[in-house]
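If you want the building blocks of each chain, they are given just below.
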Amino acid sequence: MKKILILQLALCLSVFVEAQVYQFRGPNRDGKFPESGLLKEWPETGPELLLQLEGIGKGYSSVITNGDYIYATGMIDTLDYLTCFDFEGNQKWQVAYGESWKKSFPDTRSTPTIEDNRIYIISGIGELVCLNAETGAINWKVNVDRDYKSEWHIWGVSESPLIVDNKVICTPGGQETSVVAFDKLTGEEIWKTTSVGGQRAYASATTLNYQGKHYVLAVTATHLIALDPANGEVKMTYQYYEHDKWSDQPGLIWTNVPLCKDDEIFLSMGYDYPAKMLKINGDRMAFEEVYTDTVFDNHHHGMIELDGYIYGSNWENNRKGNWLCKNWETGEIAYDTPWNTKGAMVYADGLFYIYEEQRGNIALVKPDPAGFEVISSFRIEKGAGPHWAHPYIYDGKLFLRHGDVLMVYNIKA
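What you are looking at is a predicted structure, and each value in this text was computed from that prediction instead of being measured.

Colleague: Talk me through the overall build of the protein chain; I want residue IDs and the actual numbers.
Modeller: A count of helices and strands for the protein chain gives 2 helices and 34 strands. Radius of gyration (C-alpha) of the protein chain: 20 Å, near the 22 Å computed for a compact globule of 413 residues. In the protein chain, buried positions account for 59% of the 413 residues. Put simply, 55% of the contacts in the protein chain that link residues at least 6 apart link residues at least 24 apart. Of the roughly 16300 Å² of accessible surface on the protein chain, a fraction of 48% belongs to carbon and sulfur atoms. Taking the 37 positively charged and 55 negatively charged side chains of the protein chain as two groups, their mean positions are separated by 3 Å.

Quick look at the structure:
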């Protein structure tokens, strides 16, 4: 009987650790979605529109799904709301989970993270909230930015929570700590790091596995941090942002999740600030600079590594940017091509899906270092404001939002 109980406990723990997580920019936060059997080109008017729903509130965060329901955050009046729909288009519930950022660009930007029957989200002022995915009931709530004395920049909070094992991790920055981990079931603090300096950034944390070591990569306004997720011990840091190199700009806008490949990490934040390729050194005690890139300064749209190349867009000004491809190893730019303007990019089933920010053109693009090739495109007509929400793909469906409008397209072949 004792052996049976031990086996059952081990099986439960295995499921607990390996539960599927639905999150910003896909399972690994790298813009890649593990889909297959998708359309290789679209009709002239675009793929079939399955749902178009309004009333989710204003926001730039991604629409996300766990296959059972569709979830979207949005700002209504002065509060951040999470809205749940079924796939028939019926609103199941709409719950206020925290206070909105009320200053510059107040619309919601935090995409929900879903694991099992729990949803994790951060409000515009840094309230970390766990909700029941079926009912919308709030399980627990921690005002991380208040309790840990976060230091904000002018655009508030855009982070999406990271789940690692039994922890939910977020990055308030400031002088008291840089990164904090909470028990994902109770909201109780498990650990907090020492402070490496820097205000709260806008980027979300991610994970890196290298030579059998498991790291969380998080960022403050100034530093990249590699830490041990078991205890929060800071293993490596790198000061990326230096004010004297960017004194003519309005301030920090580090929004991109660090892009990882083996022992190397690419950092980019737009506004003509130099991008950096870093490498973990031989004794895994520090980051080393590999090269500096003054062309591929991605704004806040995310980048994708594919077959030894980096794809994405760059910043020329707040309304203009080109589409780029560069060699990961050498840093050589393979192409630098205008198409409308800069925007978000994700990848699935051998093709890129791009969403340019000014007029809302959606394109299906062939990944090829030889050139930027648009296969099909259509335009989003509904909604208001910049087209800043990153696309999400699941179960043969493309999920998009533009302001207060949520859209779901059938992209299954």
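Colleague: Lay out the sheet that holds strand β25 (residues 309-313) in plain terms, naming residues and giving numbers.
Modeller: Remark on secondary structure: sheet strands pair via backbone hydrogen bonds, oriented parallel or antiparallel. Pairing is antiparallel in the open sheet, where 4 strands are placed in the order β24-β25-β26-β27. The two strands at the open ends of the sheet, each matched to only one other strand, are β24 (304-306) and β27 (333-337). Mean inter-strand twist for the sheet, computed between neighbouring axes without regard to direction, equals 20°. Two elements, strand β26 (residues 323-327) and β27, share 4 bridges in a ladder whose sense is antiparallel. From the neighbouring strand, Trp 323 faces β27, where its bridge partner is Thr 337.

Colleague: Hey, could you go over the nonpolar core for me, with residue numbers and the actual values?
Modeller: Counting 45 residues, the largest nonpolar core has Ile 70, Tyr 71, Tyr 353, Ile 380, Ile 393 and Leu 406 as the members making the most contacts within it. By residue number, the principal contributor to this core is strand β34 (residues 405-410), which donates 5 residues. Other than its neighbours up to four places away in sequence, Tyr 71 contacts Ser 62, Val 63, Ile 64, Asn 66, Leu 82, Thr 83, Cys 84, Trp 93, Ile 114, Ile 119 and Ala 133. Listed in part, the 38 residues of the second largest apolar core include Tyr 210, Tyr 215, Leu 259 and Leu 278.

Colleague: So what about the pattern of salt bridges? Which residues, and what values?
Modeller: This structure, assessed with the given rule, holds 22 salt bridges. Two residues, Glu 233 and Lys 235, come together in a salt bridge whose shortest N-O distance is 3.2 Å. With relative accessibility at 39%, the residue Glu 233 sits in the partly exposed group. Between Lys 276 and Glu 289 there is a salt bridge, with the nearest N and O atoms lying 3.3 Å from each other. With a gap of 13 residues between them, Lys 276 in strand β22 (residues 275-280) and Glu 289 in strand β23 (residues 287-293) connect regions that are remote in the sequence. The buried category is assigned to Lys 276, whose relative accessible area is 11%. You can call Glu 289 partly exposed: its relative accessible area is 47%. What you see here is one network of salt bridges that share partners, running through Glu 115, Asp 116, Arg 118 and Lys 184.

The rules behind these values
Residues numbered from 1 in each chain as written. Predicted model: local features only at pLDDT ≥ 70, side-chain atom pairs only at ≥ 80, totals over all residues. Heavy atoms only, no water. Helix = DSSP H or I, 4+ residues; strand = E, 2+ residues; numbered from the N terminus. Rg over C-alpha atoms; globule rule 2.2 N^0.38 Å. Buried < 20%, exposed > 50% of the residue type's maximum accessible area, 1.4 Å probe, protein only. Contact = heavy atoms within 4.5 Å. Areas by Shrake-Rupley, 256 points an atom, 1.4 Å probe, with all protein chains shown as cover. Lys, Arg positive; Asp, Glu negative; His and termini not counted. Charge placed at Lys NZ, Arg CZ, Asp CG, Glu CD. Pairing = 2+ DSSP bridges. Axes fitted to C-alpha atoms, helices over the stretch in contact; angles between N-to-C directions. Core = buried A, V, L, I, M, F, W, Y, C linked by side-chain atoms within 4.5 Å. Salt bridge = Lys/Arg side-chain N within 4 Å of Asp/Glu carboxyl O.

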